[in-house]
Amino acid sequence: MRKPVRIAPSILAADFAKLGAEVAAIDEAGADFIHIDIMDGHFVPNISFGPAVTKSVRGYTDKPFDCHLMISPADPYIPEFADAGADIITLHQEAGAHLHRSLQVVKSLGKKAGVSLNPATPASTLEHIMDEVDLILVMSVNPGFGGQKFIVSQLDKIRTLRGMIDESGRDIDLEVDGGINIETAPLVIEAGADMLVAGSAAFRGGPEHYKANIDALLGR
Ligand code: DX5
Ligand code: ZN
């Protein structure tokens, strides 16, 4: 049976000067997860924040932290994110040569292990590793920046991955990240996604709008 669709607002679009209050406000507005985008200026052409900032906002919500690591190498930093309060740690398929090993590191720390695919990376790359993943994150923009346009070709990949997950019989979340708004959210849900990341569309307009933003994205 299909899981209800859940939302993971990305604090990349929050006001960094008051990040704790922003996390509390988006939690209050109905976030299911807090999506935390970690960028290193090497794997992606932008720098965001790291484990210290992640840890500093941990006390502002009880919602699970969904940490999206856009860093290479990732392995040396996985324990720091686990220690900072991550619940899900998602690595990029393209960020290292030994994905299986990296997933084992995440799982050995008792965290859910996610894998993210860039727009050009095919679904089939996960064929032999389905038993090891708890979450698959489809990038529907090139990672690095918020506010980009949704890449329509990713809908086919979402459909393929939905089929692979159903066939595996395993409890694997299917998350989509990038350019999610009230037009694209229904498309990715129809294609089989059950977790939506939203940065600009969730944080648009300031805290008094967050609940309406989330409700609109979830079609309620
Ligand atoms: C992009 C990040 C996304 C980003 C989404 O590299 O992984 O999580 O914050 O931003 P929007 O929703 O504005 O496309
Ligand atoms: Zn992300």
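Residues numbered from 1 in each chain as written. Chains lettered and ligands numbered in written order. Predicted model: local features only at pLDDT ≥ 70, side-chain atom pairs only at ≥ 80, totals over all residues. Heavy atoms only, no water.

**Considerations on the coordination of the zinc ion (ligand 2)**
Geometry reference: four tetrahedral donors at a metal, ideal angle 109.5 degrees. Six octahedral donors, ideal angles 90 or 180 degrees.
Then, number 1: In this structure, H35 (NE2), D37 (OD), H68 (ND1) and D177 (OD) serve as the protein donors to the zinc ion (ligand 2), at separations of 2.0 to 2.3 Å.
Then, number 2: Each of the six donor atoms bound to the zinc ion (ligand 2) contributes to angles spanning 67 to 167°, and the resulting shape is octahedral.
Then, number 3: All donor residues of the zinc ion (ligand 2) come from one chain, and their arrangement in sequence is H-x1-D-x30-H-x108-D. You can see D37 sitting in strand β2 (residues 34-39) and its partner D177 sitting in strand β7 (residues 173-177), a full 140 residues away along the chain. Comparing D37 with D177, the two get one shared label, buried. (Donors = N, O, S within 2.8 Å, 3.2 Å for Na, K, Ca; no water. Tetrahedral: all angles 85-135°; square planar, octahedral: opposite > 155°, others 65-115°. Helix = DSSP H or I, 4+ residues; strand = E, 2+ residues; numbered from the N terminus. Buried < 20%, exposed > 50% of the residue type's maximum accessible area, 1.4 Å probe, protein only.)

**Focus: the pairing of strand β1 (residues 6-9)**
Then, number 1: Residues R6 and A8 of β1 are buried on one face, and the alternating residues I7 and P9, pointing to the opposite face, are buried as well.
Then, number 2: When β1 meets strand β8 (residues 195-198), the two strands line up parallel, connected through four bridges. When the bridges of β8 are listed, I7 appears paired with L196. (Pairing = 2+ DSSP bridges.)

**Details of the pattern of salt bridges**
Then, number 1: Scanning the entire structure with this criterion turns up 17 salt bridges.
Then, number 2: The partner of K55 in a salt bridge is D83, and the shortest N-O contact between them spans 3.0 Å. Taken together, the residues K55 in helix α2 (residues 51-56) and D83 in helix α3 (residues 78-83) connect sequence positions 28 residues apart.
Then, number 3: We classify D83 as exposed; its relative accessible area is 53%.
Then, number 4: Residue D215 pairs with R220 through a salt bridge whose shortest N-O separation is 2.9 Å.
Then, number 5: With relative accessibility at 16%, the residue D215 sits in the buried group.
Then, number 6: In this structure R220 comes out as exposed when scored by relative accessible area, which is 60%.
Then, number 7: Salt bridges sharing common partners tie together R2, K3, R6, K112, R162, D166, D171, D173 and D194. (Salt bridge = Lys/Arg side-chain N within 4 Å of Asp/Glu carboxyl O.)

**Considerations on the site of ligand 1**
Then, number 1: In the vicinity of ligand 1 there are 20 residues, among which D37, G144, D177, G199 and S200 approach most closely.
Then, number 2: Between an oxygen atom of ligand 1 and a side-chain N or O atom of S10, the distance comes to 3.1 Å.
Then, number 3: With respect to ligand 1, the backbone of G144 contributes an N or O atom lying 2.7 Å from an oxygen atom.
Then, number 4: Taking 390 Å² as the accessible area of ligand 1 by itself, protein coverage stands at 99%.
Then, number 5: Every element with two or more residues in the shell around ligand 1 is listed here: β2, β3 (65-70) and β8.
Then, number 6: The greatest single-element share of the shell around ligand 1, amounting to three residues, is contributed by β2.
Then, number 7: Here the shell around ligand 1 is composed, by residue class, of eight nonpolar, 10 polar and two charged. (Near = heavy atom within 4 Å. Polar contact = N/O pair within 3.5 Å; in protein donor to acceptor, adjacent residues only side chain to side chain. Areas by Shrake-Rupley, 256 points an atom, 1.4 Å probe, with all protein chains shown as cover. Nonpolar A, V, L, I, M, F, W, Y, C, P; charged D, E, K, R; others polar.)

Function cannot be read off these values alone, since they describe shape.
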